[in-house]
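Okay, here's what each chain looks like letter by letter:
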Amino acid sequence: NTKITQSPRYLILGRANKSLECEQHLGHNAMYWYKQSAEKPPELMFLYNLKQLIRNETVPSRFIPECPDSSKLLLHISAVDPEDSAVYFCASSLQGANTGQLYFGEGSKLTVL
Amino acid sequence: GDSVTQTEGLVTLTEGLPVMLNCTYQSTYSPFLFWYVQHLNEAPKLLLKSFTDNKRPEHQGFHATLHKSSSSFHLQKSSAQLSDSALYYCALSPPANTGANTGKLTFGHGTILRVHP
């Protein structure tokens, strides 16, 4: 799926700061960050609809989302913790937040040393 | 709150045999139900979505029927292929304008399907 691109695809960090980037070329209104830990289903972190943050799940404050425009999504991570090791998926949906029909990016795999 | 139950963690079967993966749900609303498939080291992809008019969605030989009376949305295929081996998630989304549940897609724990020759 090259219509939602994420970067970087892989990152290995100590207690550093890093930003994940996502861009969707589908013209969708809603964009999401999901975290998928090993052997678990994806868990919603944040949801933007038309650039407005409308869902902010119970996520550590070291994760800060940003939506500079309707096609781009960032996730700033500061002072990562080993429990943050996971794959972070960006996703989007066409008709806003309530369709459940998500298109996922390829994911950014974060490994915390 | 909403919940999705997938009773099998792992289903192993021989190529050519029928597939059935179970999914039941609990919701305050009349939700939409979905099946997502995730191949190894890939992102989840939407496989099927329930229709409001009780049509049976089908894709890639898979189908599922929403039974509101039993709160179920089981995934079926008549003949398994090796390429069907993957992790399958059943998920639930509330209808529009449900306030606090807006945008909340609730996933089951997933069922691994392994198809062998």
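Cut-offs applied
Residues numbered from 1 in each chain as written. Chains lettered and ligands numbered in written order. Predicted model: local features only at pLDDT ≥ 70, side-chain atom pairs only at ≥ 80, totals over all residues. Heavy atoms only, no water. Disulfide = S-S within 2.5 Å. Helix = DSSP H or I, 4+ residues; strand = E, 2+ residues; numbered from the N terminus. Contact = heavy atoms within 4.5 Å. Buried area = accessible area lost by both parts, 1.4 Å probe. Salt bridge = Lys/Arg side-chain N within 4 Å of Asp/Glu carboxyl O. Polar contact = N/O pair within 3.5 Å; in protein donor to acceptor, adjacent residues only side chain to side chain. Pairing = 2+ DSSP bridges. Axes fitted to C-alpha atoms, helices over the stretch in contact; angles between N-to-C directions. pLDDT = per-residue confidence, 0-100.

Visitor: Outline the state of the cysteines, supporting the account with residue identities and numerical values.
Guide: Residue and element names in this part refer to chain A. Enumeration according to the criterion identifies two disulfides over all chains in this entry. The disulfide bridge from C22 ends at C90, spanning 1.9 Å between sulfur atoms. The chirality of the disulfide connecting C22 with C90 is left-handed, given an S-S dihedral of about -65 degrees. Of the two residues, C22 sits in strand β3 (residues 18-24) while C90 sits in strand β9 (residues 86-93), which places them 68 residues apart along the sequence.

Visitor: Can you explain the interface of chain B and chain A? Please cite residues and give values.
Guide: Contacts between chain B and chain A engage 24 residues on the former and 21 residues on the latter. Roughly 1,600 Å² is buried in total at the junction of chain B and chain A, and carbon and sulfur atoms are behind 53% of that figure. Inspection of the chain B/chain A interface yields zero salt bridges. Counting across the interface, chain B meets chain A through five residue pairs in polar contact (both at pLDDT 80 or more). Those elements giving two or more residues to the side of chain B that touches chain A turn out to be β5 (32-38), β6 (45-49) and β10 (86-93) of chain B.

Visitor: A description of the sheet that holds strand β3 (residues 19-21) of chain B should follow, citing residues and the corresponding values.
Guide: Residue and element names in this part refer to chain B. In spatial order, the strands read β3-β9-β8-β7; together these four strands make up an open sheet with antiparallel pairing. With partners counted over all chains shown, the strands left at the sheet margins are β3 and β7 (58-59), one partner each. Both β3 and strand β9 (residues 75-77) contribute to a ladder of three bridges, which runs antiparallel. Directly across from M20, in β9, lies its bridge partner Q76.

Visitor: Outline the sheet that holds β3(A), listing residues and values.
Guide: Residues and elements named next belong to chain A. Pairing within the open sheet is antiparallel, and its four strands lie in the order β1-β3-β8-β7. One side of each edge strand has no neighbouring strand; the edge strands of this open sheet are β1 (4-7) and β7 (63-69). Taking the axes of each pair of neighbouring strands and ignoring which way they run, one obtains an average angle of 15 degrees across the sheet. In terms of strand pairing, β3 meets strand β8 (residues 72-77) through six bridges, oriented antiparallel. Within β8, the position partnered with K18 by the bridge is I77.

Visitor: Describe the confidence of the model for chain A, and please don't skip the residues or the numbers.
Guide: Scored by pLDDT, chain A comes out at a mean of 90, with 94% of its residues at no less than 70. When the elements of chain A are averaged for pLDDT, strand β2 (residues 10-13) of chain A gives the smallest value, 86, and β8(A) the largest, 96.

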